[in-house]
Amino acid sequence: MIKKNCALGGFLLMSVALFGQVNDLPRTSPEAVGIRSAQVTAFFDSLLAYPQTEIHSVIVMRHGKVVGEMYPAPFRAEYKHTQFSCSKTFVAAAVGIAIGEKKLQLKDRLVSFFPKQLPKVVSWRLAGITVEDLLTMRSGFVVDTKMRNVSLHWVQAYLNHPMNADPGKLFQYDSIDTYLLSAIVQKVTGMNVLDYLKQKVFNRLNIRDVNWERCPDGIVTGGWGLYIQAESLAKFGQLLLQRGQWHHEQLIPAAWVDAMMTRQVEFQKGGGYGYQMWTCDYPTAMRADGAYGQYIIVVPKEDVVVVINQCTMNDGAKERSYIWNTLFKGMQGKPLPPSEDYQRLLRSTYSLPLLEGELTNKLMADYLGRTIQLQKNGLGWSSLRFNANDILEITDTTGVSGQVVLGHQTWNTSAVPFHPLNARYRVKNQFSTIQPPFRVGGCYAWQADELKASLHFVDWMGSVQMKFSFSGDTVRIVAKENYRQQPIAFTGLREPAPDRQSGEGPGKSR
């Protein structure tokens with residue numbers, strides 16, 4: 001197992017049991033399953049060097065065993081991660097289980113499940129949408145990514161939504177198609193998708209530390225919002241590789257897994273789509289795929305599963321090619337001789353870039369303990385305060401405050417009571433089932449008279465690189481979030497110096 005190089009705050013010294021299950025899957029050397037350790041190392045190094053990308057976790061499995069894993073500091077195996085559209089594949093599994101239990105059929109029509117939410121006049125197009133059309137993203141609905149930001153009743157909103165194609169004819173990728181599948185599963189099973197999967201799959205795989213966001217009506221969002229550990233993703237990928245069987249128990253019908261991983265839609269420019277899974281540029285390979293590069297890649301031909309959680313601004317095609325062209329290079333169908341490269345792999349430590357610079361600067365003395373009121377900004381923060389050279393107190397626009405203890409030339413991780421930076425923060429009912437505290441890994445350094453800080457929400461996906469420039473009462477801040485191309489700039493105004501006669505001073509409580 002790859003060692004983790006982390007500096008931990010007191011909060012993280014709690015028992016691993018509080019974080020859920022890790023190290024469940026068997027581990028072995030790459031050579032034992034026909035992969036060279038040097039290729040695993042080269043694969044990890046390639047991912048870390050990929051531009052505009054932060055790697056959060058990587059797991060490589062072959063023949064049912066983990067042969068390499070990487071959690072660059074400040075990330076850890078125990079932390080859950082939001083999965084965006086990687087969630088969709090789990091919904092497809094739930095649909096297949098319900099079909100196997102005779103509670104659902106592929107040709108069942110969407111309108112039959114929600115008679116009370118239908119428009120007064122049901123068009124022939126709306127009447128024709130089937131479960132299979134939703135699974136293959138061919139519902140015919142006009143794609144609307146903003147509806148979930150304004151509507152409180154998503155099923156009704158989409159049943160009254162315009163259509164621009166006949167059902168089953170036009171592929172239009174739409175997370176609401178998957179949400180509607182989630183609503184259907186809840187309707188026919190009497191359980192939301194998360195509880196249904198817990199009963200049918202997760203509990204059997206010892207996946208117990210898992211959450212999923214819900215809409216304002218309490219239905220699991222389906223198309224996004226799964227919040228789960230990397231090793232749990234690897235277990236699910238291995239379950240698909242084994243055609244739904246786990247320890248001799250058939251959890252998902254084998255024929256259904258085959259259908260999920262078969263090209264159901266073929267694109268004119270190549271590639272295709274199964275049931276809530278994408279084809280890959282490698283024979284038999286299919287993937288669950290979420291925004292910003294969340295992947296479960298299943299390769300039956302090679303008996304391999306690869307899991308990646310990250311934040312990337314690239315389309316991922318070249319990145320995924322590292323699997324075929326680097327990891328698979330020289331791979332054999334039989335064990336390879338033991339190699340010293342394996343010991344180097346075991347000793348490897350990985351870290352996201354630390355900031356270089358000085359520990360202190362005389363400028364900080366004039367700002368310690370003084371609140372800096374911020375202009376309206378995209379971070380959702382209202383004020384900052386340096387309670388010490390390495391302690392940044394953040395208050396969000398709801399008035400919730402938390403302290404981040406920053407490491408110098410190392411990562412330090414703190415628990416905070418406010419929600420993390422989030423690319424989808426406008427969605428109604430966001431974080432409805434995923435509550436604070438969240439953890440922030442941070443480091444800082446002074447470069448000349450500028451303070452730089454790097455903050456990673458390590459159990460989410462968002463991070464921000466910050467630069468502070470100080471001039472009198474004004475602080476200019478430039479912030480670059482990892483999921484946006486352009487930085488944002490705003491200013492803050494420090495409060496007046498405390499009255500020395502009152503006995504107050506920098507860093508003292510008020």
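Look up a bit, the structure's there.
Now for a quick tour of the structure. These figures come from a predicted structure and were not determined experimentally. (Residues numbered from 1 in each chain as written. Predicted model: local features only at pLDDT ≥ 70, side-chain atom pairs only at ≥ 80, totals over all residues. Heavy atoms only, no water.)

Remarks on the overall build of the chain
Heads up, the condition is: Elements are defined by DSSP. Helices are runs of H or I of four residues or more, strands are runs of E of two residues or more, and each kind is numbered from the N terminus. This radius of gyration counts C-alpha atoms alone. The globule rule is 2.2 Å times how many residues there are, raised to the power 0.38. Think of it in three bands: residues with accessible area under 20% of the maximum for their type are buried, residues over 50% are exposed, and the middle band is partly exposed, with areas taken using a 1.4 Å probe on protein chains only. Contact between two residues is taken to exist if any of their heavy atoms lie within 4.5 Å; hydrogens are not considered. Accessible surface area values rest on a Shrake-Rupley calculation with a 1.4 Å probe, where residue burial reflects the displayed protein chains alone. Under the convention used here, Asp and Glu are negative, Lys and Arg are positive, and both His and the chain ends fall outside the count. Every charge is mapped onto a representative atom, which is NZ of Lys, CZ of Arg, CG of Asp or CD of Glu.
A count of helices and strands for the chain gives 12 helices and 24 strands. Taken over C-alpha atoms, the radius of gyration comes to 25 Å for the chain, in line with the 24 Å a tight globule of 510 residues would show. Projected onto the principal axes, the alpha-carbon positions of the chain cover approximately 80 × 70 × 40 Å. In the chain, which comprises 510 residues, the proportion classed as buried is 56%. A fraction of 63% describes how many contacts in the chain between residues 6 or more apart in sequence connect residues 24 or more apart. Accessible surface for the chain amounts to roughly 20800 Å². Of this, 49% is attributable to carbon and sulfur atoms. The distance from the centre of the 55 positive side-chain charges to the centre of the 44 negative ones in the chain is 4 Å.

Thoughts on the pattern of salt bridges
Inclusion rule: Criterion for a salt bridge: a side-chain nitrogen of Lys or Arg within 4 Å of a carboxyl oxygen of Asp or Glu.
Counted according to the given criterion, the structure contains 20 salt bridges. Measuring nitrogen to oxygen at the nearest pair gives 3.4 Å for the salt bridge that ties K103 to E101. With relative accessibility at 36%, the residue K103 sits in the partly exposed group. One salt bridge in this structure joins R385 and E393, with 3.2 Å as the shortest N-O distance. Classification of E393 as buried rests on a relative accessible area of 15%. Through salt bridges with shared partners, a single ionic network connects R27, E69 and E231.

Quick notes on the nonpolar core
What counts, and what does not: Residues enter a nonpolar core if they are buried and are Ala, Val, Leu, Ile, Met, Phe, Trp, Tyr or Cys, with the set joined through side-chain atoms within 4.5 Å.
In this structure, V95, I252 and I296 are the most contacted members of the largest nonpolar core, which totals 81 residues. Considering every element that reaches this core, the biggest residue donor is helix α2 (residues 87–100), with 9 residues. In contact with I252, not counting residues within four places along its chain, are A93, I97, V201, F236, L239, L240, R243, G244 and V257. Core analysis: the second largest hydrophobic core is formed by 41 residues, Y367, A423, F431 and M466 among them.

Description of unusual backbone geometry
Cis geometry is found at the peptide bond from A73 to P74, where omega equals 15 degrees. That bond from P436 to P437 is cis: its omega, 10 degrees, falls within 30 degrees of zero. One can find P437 in the loop between β19 (412–416) and β20 (438–447). Phi angles above zero are rare outside glycine, and F84 is one such case at about 50 degrees.

A few points about the pairing of strand β22 (residues 463–471)
Inclusion rule: Strands pair, by our definition, only if DSSP identifies at least two bridges between them.
Of the pairings in the sheet, the one linking strand β21 (residues 450–457) to β22 comprises 7 bridges and is antiparallel in character. Looking at the pairing, H456 lines up with S463 of β22. Where β21 folds back on β22, the antiparallel hairpin that results is connected by 5 residues. In this structure, β22 lies alongside strand β23 (residues 474–481), joined through 8 bridges in antiparallel fashion. Within the sheet, the bridge partner assigned to V464 lies in β23 and is E481. Taking the residues between adjacent antiparallel strands as the criterion, β22 and β23 are bridged by 2 residues, where G472 takes a positive phi near 60 degrees.

Re the pairing of strand β15 (residues 381–388)
Across 2 bridges, strand β14 (residues 372–374) lies against β15 in antiparallel orientation. If you follow I372 over to β15, its bridge partner there is L384. In the sheet, β15 pairs with strand β16 (residues 391–396) via 6 bridges, with the strands oriented antiparallel. Of the residues in β16, the one forming a bridge with R385 is E393.

Focus on the packing of aromatic side chains
To keep things clear, this is the line we draw: Aromatic rings from Phe, Tyr and Trp, taking only the six-membered ring of Trp, are treated as a pair when their centres fall within 6.5 Å; an angle between ring planes under 30 degrees marks them as stacked, one over 60 as edge-to-face, and anything in between as tilted. Here, a charge over a ring means that NZ of Lys or CZ of Arg falls within 6 Å of the ring centre while also lying within 35 degrees of the ring normal.
Across all of its chains, the model carries 31 aromatic pairs by this definition. Pairing Y367 with F470 gives two aromatic rings, centres 4.7 Å apart and planes at 55 degrees, and the pair type is tilted. Pair noted here: Y367 is in the loop between α12 (340–347) and β14 and F470 is in strand β22, with a separation of 103 residues, a long-range link. Accessibility assignment for this pair places Y367 and F470 in one class, buried. A centroid spacing of 5.0 Å and a plane angle of 50 degrees characterise the contact between F431 and W460, whose relative ring orientation is tilted. Here F431, found in the loop between β19 and β20, pairs with W460, found in the loop between β21 and β22; they are 29 residues apart in sequence, far enough to count as distant. Overall, F431 belongs to the buried group, its relative accessible area being 6%. Among the residues examined, W460 registers a relative accessible area of 1% and is labelled buried. A connected cluster of aromatic rings, assembled from ring pairs, spans F171, Y173, F267, Y273 and W278. When the ring centre of W224 is taken as reference, the NZ or CZ atom of R148 above it lies at 4.2 Å.

Considerations on the sheet that holds strand β5 (residues 226–229)
The strand order across the open sheet formed by 3 strands is β3-β5-β4, and the pairing between neighbours is antiparallel. Each having just a single partner strand, β3 (80–82) and β4 (211–212) make up the two edges of the open sheet.

Overview of helix α8 (residues 193–202)
Every α-helical turn comprises 3.6 residues, leaving residues that sit three or four positions apart pointing alike. Stated formally: Comment: arc refers to directions from the helix axis out to C-beta atoms. Identification of polar contacts relies on pairs of N or O atoms within 3.5 Å, with a donor-acceptor requirement for protein atoms, meaning one able to donate a hydrogen and the other able to accept it, and with residues adjacent in sequence counted only if both atoms are side-chain atoms.
For α8, a buried count of 7 out of 10 residues is recorded, marking the element as mostly surrounded by other parts of the structure. All of the buried residues along α8 are V193, L194, Y196, L197, K200, V201 and F202. The buried residues of α8 all sit within an arc of 155 degrees when viewed along its axis, so they share a single face. Structurally, α8 contributes buried residues whose contacts are with α2, α7 (175–189), β4 and α9 (230–241). The N-terminus of α8 is capped by N192, whose side-chain oxygen sits 3.0 Å from the backbone nitrogen of L194.

Let's talk about the state of the cysteines
The condition is simple: By disulfide we mean two sulfur atoms from cysteines, separated by a distance within 2.5 Å.
Using the criterion set out here, one finds 0 disulfides in the structure. The thiol of C86 is not disulfide-bonded; the next cysteine sulfur, from C280, is found 12 Å away.

Observations regarding the packing of α2 against α7
Put simply, the rule is: Axis lines are fitted to C-alpha atoms, over the contacting stretch for helices. Their N-to-C directions set the angle, which ranges from 0 to 180 degrees. Note on convention: the crossing is left-handed when the near helix lies turned anticlockwise from the far helix by less than a right angle, right-handed when the turn is clockwise.
Look at α2 against α7: their axes get within 10 Å of each other, and the N-to-C directions meet at 35 degrees. The way α2 lies across α7 gives a crossing that is left-handed. Contact with α2, carried on its side by K88, V91, A94, V95 and A98, involves S175, T178, L181, S182, V185 and T189 of α7 and no other residues of that element.

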